[in-house]
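# Observations on the model geometry
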Amino acid sequence: MGPFLSNVLQQFKTQVGLKFQLYNSLFTSLPFHRIEKTGILLPILLSDCEEGYRRRKGPVDIIDEFFDRHTSLRSEQERMDVLFRFVQYVERQVVLFDALEDAAFDAVNDISGPGTLKHLASEVSNLGLSKSLSERLRTFSVRLVLTAHPTQFYPGTVLGIIHDLSRAVGANDVPSIERYLQQLGKTAFFKKQKPTPYDEAVSLIWYLEHVFYTSCGRIIDMLKATFGESLPADRPLISMGFWPGGDRDGNPYVTADTTLRVADALRGSVIKCYYQDVRRLRRRLTFEGVEEVLQGLEKKLYDNIFIPGMRTHIDAPEILQTLSGIRDTLIFQHNSLFVDMVDRLMTRVELFGLHFASLDLRQEASVHRQVLSALSPWLAGSMCGYAGLTGAERMLTLSEVCASLPAGWQGEGIVRETIDAMAAVRKIQEANGQRGCERYIVSQCGHAADVLEVMALFVLSGWRREHLNVDIIPLFETIGDLSRAEEVMQELYTTPAYAAHLLRRGNQQTIMLGFSDGTKDGGYLMANYSIYRAKEALTRISRAQGVDVVFFDGRGGPPARGGGKTHRFYASMGREVANREIQLTIQGQTISSNFGTAASAQFNIEQLMHAGLSNDFLADHAVTMQEADLSLFASLAAISFEAYRALREDPSFMDYLVQISPLRFYAEANIGSRPSQRRSGGRLGLKDMRAIPYVGAWSQMKQNVTGYYGVGTALRQMDEAGRFAEVQGLYQRAAFFRTLIDNCEMAMQKCFFPLTEQLRTHPRHGAIWNRIHDEYVLTQRYVCMLSGRAVLMEDHPVERLSIQMRERIVLPLTTIQQFALAKVREFEDHAVSSPLQRVYEKLAMRCSFGIINAGRNSA
């Protein structure tokens, strides 16, 4: 370990580890019922857990012995009360740890070092590449799309406390820290009702107002000061996207009215930000010729926010024109006094317009087919029924749709809702500007017709083809869909109706690739290999057709869902993959953990921008994997896929997951509006299961199957075939493959098999447990051989220590959860009906909050 890492590690131990011990002691002095006793007993339980697992005891024995040895409680109800108090206590310990890490962010991250834009500017200057960077800036951009995927187990009230607590910790304001901890003790983590899609939108708009408005603005301010004229004038370098209120895929609660309400909330929110900045400007710009103009702008903004029915017309160009006039007056009449404040506000208006974040619409392809089948009478050539057409007939019929539905048309259900949603796009564009809503994403896209169906539905809803200023984005996720993506896009590019639409949209095609379902479908290595190869193929055919392709990555938090060290993936893309723009989803838990403060958001956005900007002219040519490397990668992916598929198709696989994890109670957590499975009722199957609860269930069991399973088998087979040296060469040469292995290490670092080791000899679940455990041990051994390191994550000591500390905090929770699940199985095995079973089920579910929150990117 070098001196820099050693210093950072020491900073982490001091700023986070030591302070956690100090502030944790404040919990026991808070004026809450039995908190002192809870605070005394919890460390004893933690010690018993650590000792018990060393002695290969199971959670039931550990919990029972704890109560027998350290308390006089004998009834199950009394013991349950204590366990629920432990859950609440640990949840708040995790909040404290989160706040401490947020407060120490600047101390444990090199905010001007490698990966930042300041460092990039220094690099290109030293290498004489400033002109190359200037040219790259003219075409480059980053788009962060906030989604409401149900991975955020903190309610909005608690997120606000974390934000305030971290600021108090940073200022060493002990009285405020104590007050916030008291507030935390009285604030509920569990919501009795699911949030509505609008509730989810409001929660994420908070981040736009308090984090991204500041951090994105600061980045552009810095780039303007450094590169000036090199920045593009016609589009922002950073843009925000937004899914809550627009994402209909699997969520029947998102309606056209919801979409319009969310768009209005986004507009009102950004106007409020401008209003606050104008108020600050008025305190400084008290000069003749400026004050009156600024006052008029302030009134217009005020009326748009606070006076219902009195909203006066205002748009982003008008605001910019007003500010530009003020700027000129300051320069020519007032010695440029405070002109920098005006420049900063103009930058933010250029970035966020009146939309703040572009609202994307998304729906599954099968829904569009269902709607068009219902509308067959209005489709030329499909009077016999749209569903009965061949593929070629569908393409022809869809290309010829040119008229909207007749006036007075009355539809109902999903048909009416789909048409209304598409009509709502025009209303949003009129109020928020075109950037307010100009993308429609087609989930489960497997055919070219899936995209043309959306075009046809837009026309039926009242749009004219030649005026359709909406990008239609196919989403490929499963291994099968990824393999067909090249064929689908080739057919689209050569279909005249779609080629004409692309031409009107500047010959730019955005394609979304999803990591979550790919991993669920094909395992870790195969999913990432398939996406990499799909990107290469799609780049090749797009360039051949003169189309500028942009990839939009649907990434989640954990490595199994495309998360982990995301910026390293973009830095490792070769020249055969289009990289003009970086677009990715930021989901639930990842928003608060990586973008929860202005400082962390700025740092992580800069990391992404550095990765994309430097890829062309700083990256080594060897970054692009050669055919031999790709062939080797393909072999590894194929072997790992077979291993994962064999596990997935084991008859006892789903029974194991449902019985040993809290998966079946996921929906009761009330953390998201979307149903937790695609089809309700009947036996839960892998196909019907959403990727988020699937990955989250494995992470709570501390087995993280989706982040490594099959990797060890693939490496061992290469070793047995005498090809391990080739794999080591691939690891050294290919940054993309190396990043995959690094993220695999992170997934394994969060595993803890002693938690479930009592299943090793279980007659029903033992075979699956041993199979997974053996693969974990095998993967750990071979990954360390491959990297040359003695332990997992050895090169990332701060992150490794953070994981270790977090896992130790929630060890009582994971133990209590497995204890509760064992009790539930006991009731079910004996077919005994008891009110206590429901209490144990609730206990297992309540443990999920602290466990997932501690993982920070676990779901």
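Residues numbered from 1 in each chain as written. Predicted model: local features only at pLDDT ≥ 70, side-chain atom pairs only at ≥ 80, totals over all residues. Heavy atoms only, no water.

### Some points on the sheet that holds strand β5 (residues 439-443)
- Across the sheet, which stays open at both edges, the 9 strands sit in the order β3-β2-β1-β9-β8-β7-β6-β5-β4 with parallel pairing between neighbours. Edge positions in the sheet fall to β3 (358-359) and β4 (361-364), since each of these pairs with one other strand and no more.
- Docked against the sheet, helix α22 (residues 524-544) engages β7 (508-514) and β8 (548-554), running at close to 160° with respect to β8. (Pairing = 2+ DSSP bridges. Helix = DSSP H or I, 4+ residues; strand = E, 2+ residues; numbered from the N terminus. Contact = heavy atoms within 4.5 Å. Axes fitted to C-alpha atoms, helices over the stretch in contact; angles between N-to-C directions.)

### Thoughts on the pattern of salt bridges
- Applying the stated criterion to the full structure yields 52 salt bridges.
- Residue D655 pairs with R764 through a salt bridge whose shortest N-O separation is 2.9 Å. Placement of the pair is D655 in helix α27 (residues 653-660) and R764 in the loop between α31 (735-749) and α32 (766-787), with a sequence separation of 109 residues.
- What makes D655 buried here is its relative accessible area of 18%.
- Connected via shared salt-bridge partners are R369, R394, D450 and E453. (Salt bridge = Lys/Arg side-chain N within 4 Å of Asp/Glu carboxyl O. Buried < 20%, exposed > 50% of the residue type's maximum accessible area, 1.4 Å probe, protein only.)

### Describing the environment of L647
- Note on placement: L647 falls in helix α26 (residues 627-648).
- Sequence separation of L647 and I772 is 125 residues, and the distance between their C-alpha atoms is 8.4 Å.
- Not counting residues up to four positions away in its chain, the partners in contact with L647 are F653, V705, Y709, I768, R771 and I772.

### Description of the packing of aromatic side chains
- Per the stated rule, a full pass over the model turns up 31 aromatic pairs.
- Aromatic pair Y708 and Y776: ring centres 5.7 Å apart, planes at 70°, arrangement edge-to-face. Residue Y708 is found in the loop between α28 (691-700) and α29 (711-720), and its partner Y776 is found in helix α32; the two are separated by 68 residues along the sequence. The same class applies to Y708 as to Y776, namely buried.
- An angle of 70° between the planes, with centres 6.0 Å apart, marks the rings of F819 and Y840 as edge-to-face. With F819 in helix α34 (residues 811-829) and Y840 in helix α35 (residues 835-855), this residue pair connects regions lying 21 residues apart in the sequence. (Phe/Tyr/Trp six-rings, centres within 6.5 Å; stacked < 30°, edge-to-face > 60°.)

### Some thoughts on the layout of surface pockets
- Looking at the second largest pocket, its volume works out to about 1,300 Å³.
- What lines the second largest pocket is a set of 47 residues, among which D234, R235, P236, E350 and R435 lie closest to the centre.
- Only β1 (141-147), α10 (197-227), β2 (238-242), α13 (316-333), α14 (339-352), α17 (413-432), β7 and β9 (581-587) provide two or more residues apiece to the lining of the second largest pocket.
- Among the elements that take part in the lining of the second largest pocket, α14 stands out by supplying 4 residues, more than any other.
- For the lining of the second largest pocket, the per-class residue count stands at 15 nonpolar, 15 polar and 17 charged. (1 Å grid on protein atoms, 1.4 Å probe; cavity = no way out; pocket = protein on both sides within 12 Å on 5 of 7 lines; lining within 4 Å. Points joined across faces, edges and corners; volume = space filled by probe spheres on them. Nonpolar A, V, L, I, M, F, W, Y, C, P; charged D, E, K, R; others polar.)

### A look at the nonpolar core
- In terms of nonpolar packing, the biggest core is built from 269 residues, with F212 and F242 touching the most fellow members.
- When neighbours within four sequence positions are excluded, F212 is seen to be in contact with L144, L146, Y207, G217, M240, F352, F595 and I605.
- One finds V145, I441, L475 and M512 within the second-largest nonpolar core, a separate group that totals 7 residues. (Core = buried A, V, L, I, M, F, W, Y, C linked by side-chain atoms within 4.5 Å.)

### With respect to the pairing of β7
- The buried fraction of β7 amounts to 6 of the 7 residues, a majority that puts the element mostly inside the structure.
- In this sheet, β7 lies alongside strand β6 (residues 471-476) in parallel orientation, the contact comprising 2 bridges. Its bridge partner being in β7, L475 is matched across the sheet by M512.

### Topic: α35
- The end-to-end C-alpha distance of α35 is 32 Å, a good match for the 30 Å that 21 residues give at a rise of 1.5 Å each.
- Among the 21 residues of α35, 17 are classified as buried, and the element is accordingly described as predominantly covered. (Expected span 1.5 Å × (residues − 1).)

### Regarding the packing of helix α11 (residues 256-284) against helix α12 (residues 291-306)
- Two numbers describe how α11 lies on α12: the axes approach to 9 Å, and their chain directions differ by 150°. One way to sum up the angle between α11 and α12 is to call them roughly antiparallel. Relative to α12, α11 is oriented so that their crossing is left-handed. On α12, the residues that touch R267, G268, I271, K272, Y274, Y275, V278, R279, L281 and R282 of α11 are E291, L294, Q295, L297, E298, L301, Y302, N304, I305 and F306. (Parallel < 35°, antiparallel > 145°, perpendicular 65-115°, else oblique. Left-handed = near helix turned anticlockwise from the far one by under 90°.)

### Description of helix α19 (residues 479-493)
- Taking 1.5 Å of rise per residue, the 15 residues of α19 would be expected to cover 21 Å, and the 22 Å separating its terminal C-alpha atoms lies within 8% of that figure.
- Its axis deflected by about 45° at A485, α19 carries its strongest bend there.
- Among the residues of α19, I479, D481, L482, A485, V488, M489, L492 and Y493 are the ones counted as buried. (Bend = angle between axes of the 7 residues up to and from the residue.)

### Re the state of the cysteines
- Taken as a whole, this structure holds 0 disulfides when the rule is applied.
- With no disulfide partner, C216 has as its closest neighbouring cysteine sulfur the one in C273, 12 Å distant.
- What makes C216 buried here is its relative accessible area of 1%.
- With no disulfide of its own, C784 has C744 as its nearest cysteine by sulfur position, at a separation of 10 Å.
- Owing to a relative accessible area of 13%, C784 belongs among the buried residues under this scheme. (Disulfide = S-S within 2.5 Å.)

### Details of the side chain of T322
- Assignment of secondary structure puts T322 in helix α13.
- If near-sequence neighbours (up to four positions away) are discounted, T322 is found in contact with V293 and L297.

### Digging into the packing of helix α16 (residues 391-399) against helix α18 (residues 448-460)
- At their nearest, the axes of α16 and α18 sit 9 Å apart, and the two run at 25° to each other. Judged on the interaxial angle alone, α18 and α16 are roughly parallel. Like other packed secondary-structure pairs, α16 and α18 cross with a definite hand, here left-handed. On the side of α16, the interface is formed by R394, M395, L398 and S399, while α18 contributes A448, A449, D450, L452, E453 and A456.
- Broken down by class, the residue content of the contact of α16 with α18 amounts to 6 nonpolar, 1 polar and 3 charged.

### Regarding unusual backbone geometry
- Phi angles above zero are rare outside glycine, and S336 is one such case at about 60°.
- Here S336 shows up in the loop between α13 and α14.
- The residue K702 is not glycine, and still its phi comes out positive at about 65°.
- By the element assignment, K702 lies in the loop between α28 and α29.
- What makes K702 buried here is its relative accessible area of 3%.

### Thoughts on the environment of M748
- Here M748 lies in helix α31.
- A relative accessible area of 0% places M748 in the buried class.
- Sequence-wise, M748 and A403 are 345 residues apart; in three dimensions their C-alpha atoms are separated by 56 Å.
- What M748 contacts, discounting residues up to four positions off in sequence, is Y708, Y776, T779, Q780, V783 and L792.

### Things to note about the pairing of β9
- The buried fraction of β9 is high, at 7 of 7 residues.
- Where burial is concerned, the two faces of β9 agree: the one with E581, Q583, T585 and Q587 and the one with I582, L584 and I586 are both buried.
- Across 2 bridges, β8 lies against β9 in parallel orientation. Paired with F552 across the strands is Q583, a residue of β9.

### A few points about the side chain of E775
- Relative to the helices and strands, E775 is located in helix α32.
- Despite its burial, E775 pairs with no opposite charge; the closest candidate is R716, at 5.9 Å N-O.
- A distance of 3.0 Å separates a polar atom in the side chain of E775 from the backbone nitrogen of G710.
- Once residues within four sequence positions are removed from consideration, E775 is found in contact with Y708, Y709, G710, V711, G712 and T713. (Lys, Arg positive; Asp, Glu negative; His and termini not counted. Polar contact = N/O pair within 3.5 Å; in protein donor to acceptor, adjacent residues only side chain to side chain.)

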